[in-house]
Amino acid sequence: MPAAGPAAGVHVGSAAPRPGSAQGFGVRLTAPLLMGSLLNPLNTTMISTALVAIGHSFGIGAADTAWLISVLYLASAVAQPVLGKLADVLGPRRVFLAGLVVVMASGLVGALASGFGMLIVSRLLLGIGTSAAYPAAMAVLRDESRRVGRVTPRPVLARLSFAALGSAAVGPALGGLLVTFVGWRGIFAVNVPVALLAFGAALVWVPADPPRARDGQGNTPKLALDPLGIGLFSAALTVLVFFLLRLTDPLWWLAAPFAVLTAVLAWWQLRTPRPFIDLRMLAGNGALLRTYARQGLSYLLIYCVMYGFTQWLEEARGYSSGHTGLLMLPMSLTALACSLLGARTKSLRAPLTLACGLLMAGAGILLTLSGSTPLAVLLLAGACFGAPQGLIGTSNQAAVQAHAPPEAIGSAAGLQRTAQYLGAITASGLIALAYADAASDAGLHLMAAVSVVLGVLLTVLTVTDRALRARA
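Residues numbered from 1 in each chain as written. Predicted model: local features only at pLDDT ≥ 70, side-chain atom pairs only at ≥ 80, totals over all residues. Heavy atoms only, no water.

## Observations regarding the overall build of the protein
Helix and strand counts for the protein stand at 22 helices and zero strands. Its C-alpha atoms give the protein principal-axis dimensions of roughly 70 × 50 × 50 Å. By sequence separation, contacts in the protein at least 24 residues apart represent 85% of the contacts at least 6 residues apart. With the model as given, the accessible surface of the protein reaches about 19200 Å², and the carbon-plus-sulfur share is 70%. Averaged over its 30 positive side-chain charges, the protein has a centre that lies 12 Å from the centre of its 15 negative ones. (Helix = DSSP H or I, 4+ residues; strand = E, 2+ residues; numbered from the N terminus. Contact = heavy atoms within 4.5 Å. Areas by Shrake-Rupley, 256 points an atom, 1.4 Å probe, with all protein chains shown as cover. Lys, Arg positive; Asp, Glu negative; His and termini not counted. Charge placed at Lys NZ, Arg CZ, Asp CG, Glu CD.)

Here it is in structure tokens:
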């Protein structure tokens, strides 16, 4: 099991710092990483303001356009650890650049789409391409840590979190502007110049990937990609996601193929010498597993509010989409502020414990809401769920950096995002169960009650984790 703390995130002294490079982690290194990392969360929320216009263009309803959201979640959940593994094996810069090429292709396919099927293909490619950025960025920071001989500073990790939160927050507003002035095709086309800019900056400023290690005879070993493991993981996760997306009418028959695929995946990962997912490492690395559990549970709660609370504001309280966006502004602003504040402490337990308390407080407020609740209370509820986003995002990034084996940081970061997306997908299923045909006070209270229980579980998982006592 990797030791907690700085030593686990970087092998200090493993590479001598170059002259004049003692500081490291400069703007030129981080700028392209931030530009690439904002594309996935931006496209997650930006599409929301274009769904109605797309439906009108192709003569389809909300049930069909919802697949534009689901397919991105599915592709991202599967692709994050796969591309993280490729970043560890092939080199993060190569994977980062390749992902941006796929993003540009997806933007062109979507902007020029002649049918709804092409939009599905575009969003699938977009989910795959944007999934390369975050795990590759974490691997680039790992290599920089080795080069300069010190761990990645928390403020640098906070910027990654800030980029994700900020882009997700401005996504609906940007999408609305594009639909208004350009049309829904602008939602897809905007990815091309952003990805192109990030590609050029990465090509110039991100250092070339370190040369691969050679064996005793001076030969470069074969790539350890484990294609069978990747295929089994992708298939099992796809089956699970399809089940979670249909909690209102569960497809129980999917349990059998999921169980078979999971069993075969576990057997193969324990049998092959270089597995895609190192189950033995994970079994001995409780700190990393608990980080994934915290990530998934936290975002299950957060996404329940991000989508469930906003739906209640529109359908039960009668607010317009514009007014609802303004009411959720405190949530976005507190998330952004707390992502930066969380970077100012070297503690992991304190910000995560505070986040748990705020999540339960927010869920408690939701239990009391009704049609006559004052506006100030609605704003407070949003803020209670915004602050944990920033605190959790920054702290869990630091925990992954601290507890994951340095040589596998890309795939470890990808699995962290997979846990987050599984939380988001599960939240969508729970919201559908709670609301049935339309959002109501009773449905909101049911969702809030479940959130309180999950918040207690998350708090116990956090305060009892001894690994969080380490300073990151």
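## A closer look at the environment of Gln401
Positionally, Gln401 belongs in helix 20 (residues 375–403). Looking at Gln401, the relative accessible area reads 6%, which means it is buried. When the C-alpha atoms of Gln401 and Val151 are compared, they prove to be 8.7 Å apart, with 250 residues separating the residues in sequence. (Buried < 20%, exposed > 50% of the residue type's maximum accessible area, 1.4 Å probe, protein only.)

## Thoughts on helix 12 (residues 191–205)
The terminal C-alpha atoms of helix 12, which comprises 15 residues, lie 21 Å apart, in line with the 21 Å expected from a rise of 1.5 Å per residue. If you check which residues of helix 12 are buried, you get Asn191, Val192, Ala195, Ala198, Ala201 and Ala202. Tucked into the core, helix 12 has its buried residues touching helix 2 (27–37), helix 3 (39–46), helix 7 (92–111), helix 8 (116–130) and helix 11 (185–189). (Expected span 1.5 Å × (residues − 1).)

## Some thoughts on a nonpolar patch on the surface
Residues Leu177, Phe181 and Val182 make up a contiguous nonpolar surface patch of roughly 360 Å² in combined accessible area. Given a relative accessible area of 60%, Val182 falls into the exposed group. (Patch = residues over 30% accessible without salt bridge, like charges linked within 9 Å, V, L, I, M, F, W, Y side chains within 5 Å. Salt bridge = Lys/Arg side-chain N within 4 Å of Asp/Glu carboxyl O.)

## Some remarks on the environment of Val82
Secondary-structure assignment places Val82 in helix 6 (residues 67–90). Overall, the relative accessible area of 13% leaves Val82 in the buried class. Residues Val82 and Phe276 lie 194 residues apart in sequence; the distance between their C-alpha atoms is 8.0 Å. Leaving out residues up to four positions away in the same chain, Val82 has contacts with Ile230, Ser234 and Phe276.

## Describing the packing of helix 16 (residues 286–315) against helix 21 (residues 409–435)
Taken N-terminus to C-terminus, the directions of helix 16 and helix 21 make an angle of 40°; their axes are 7 Å apart at the nearest point. Looking at the two axes, helix 16 sits oblique to helix 21. Considering only the axes of helix 16 and helix 21, their crossing is right-handed. Within the contact between the two elements, helix 16 uses Tyr292, Gln295, Gly296, Tyr299, Leu300, Tyr303, Cys304, Tyr307, Gly308, Phe309, Gln311 and Trp312 and helix 21 uses Ala412, Leu415, Gln416, Ala419, Gln420, Gly423, Ala424, Thr426, Ala427, Leu430, Ile431 and Tyr435. Class assignment of the residues belonging to the contact of helix 16 with helix 21 gives a composition of 16 nonpolar, eight polar and no charged. (Axes fitted to C-alpha atoms, helices over the stretch in contact; angles between N-to-C directions. Parallel < 35°, antiparallel > 145°, perpendicular 65-115°, else oblique. Left-handed = near helix turned anticlockwise from the far one by under 90°. Nonpolar A, V, L, I, M, F, W, Y, C, P; charged D, E, K, R; others polar.)

## What to know about helix 16
Taking 1.5 Å of rise per residue, the 30 residues of helix 16 would be expected to cover 44 Å, and the 43 Å separating its terminal C-alpha atoms lies within 8% of that figure. Burial of helix 16 is extensive: 21 of the 30 residues sit out of reach of the surface.

## Focus on the packing of aromatic side chains
Taken as a whole and assessed by the stated rule, the structure comprises nine aromatic pairs. With a centroid separation of 5.3 Å and an interplanar angle of 65°, the aromatic rings of Phe233 and Phe276 are classed as edge-to-face. Residue Phe233 is found in helix 13 (residues 227–244), and its partner Phe276 is found in the loop between helix 14 (255–271) and helix 15 (279–283); the two are separated by 43 residues along the sequence. Accessibility classification places Phe233 together with Phe276 in one group, the buried group. One aromatic cluster is present, built from ring pairs that chain together Phe58, Phe116, Trp184 and Phe188. The ring centre of Tyr134 lies 3.8 Å from the NZ or CZ of Arg417, which sits over that ring. (Phe/Tyr/Trp six-rings, centres within 6.5 Å; stacked < 30°, edge-to-face > 60°. Lys NZ or Arg CZ within 6 Å of the ring centre and 35° of its normal.)

## A closer look at the packing of helix 16 against helix 20
With their axes 10 Å apart at the nearest point, helix 16 and helix 20 run at an angle of 155° to one another. The orientation of helix 16 with respect to helix 20, classified from their angle, is roughly antiparallel. Crossing of helix 16 against helix 20: the hand is left-handed. Each residue belonging to the contact of helix 16 with helix 20 can be placed in one class, and the counts come to 16 nonpolar, eight polar and one charged.

## Considering the environment of Thr272
Tracing the chain through its elements places Thr272 in the loop between helix 14 and helix 15. On the basis of relative accessibility, which here comes to 13%, the residue Thr272 falls in the buried class. Taking the C-alpha atoms as reference points, Thr272 and Asp226, separated by 46 residues in sequence, lie 8.2 Å from one another.

## Notes on the confidence of the model for the protein
Put simply, the protein has an average pLDDT of 84, and 90% of its residues get 70 or more. Every residue in residues 1–22 scores below 50 in pLDDT, and together they form 45 contacts with partners more than four places removed in sequence or on other chains. (pLDDT = per-residue confidence, 0-100.)

## Considerations on the pattern of salt bridges
Inspection of the entire model under this criterion finds seven salt bridges. Across the pair Arg142 and Asp88 runs a salt bridge whose closest N-O atoms are separated by 3.0 Å. One end of the pair, Arg142, is in helix 9 (residues 133–148); the other, Asp88, is in helix 6, and 54 residues separate them in sequence. Each member of the pair, Arg142 as well as Asp88, is classed as buried. Put simply, Glu144 and Arg147 hold a salt bridge, and the shortest N to O gap is 2.4 Å. With Glu144 and Arg147 both in helix 9, this residue pair falls three residues apart, about one helical turn. When salt bridges with common partners are traced through the structure, they connect Asp88, Arg142 and Asp143 into a single cluster.

## Concerning the nonpolar core
Among the nonpolar cores identified, the biggest contains 113 residues, and Leu141, Phe309, Trp312, Leu366, Leu369 and Tyr435 are the most heavily contacted of them. Excluding its chain neighbours within four sequence positions, the residues that come into contact with Phe309 are Cys304, Met328, Leu366, Leu369, Leu378, Ala381, Gly382, Tyr435 and Met447. Ranked by size, the runner-up nonpolar core spans 15 residues in total, among them Leu51, Leu178, Trp184 and Phe188. (Core = buried A, V, L, I, M, F, W, Y, C linked by side-chain atoms within 4.5 Å.)

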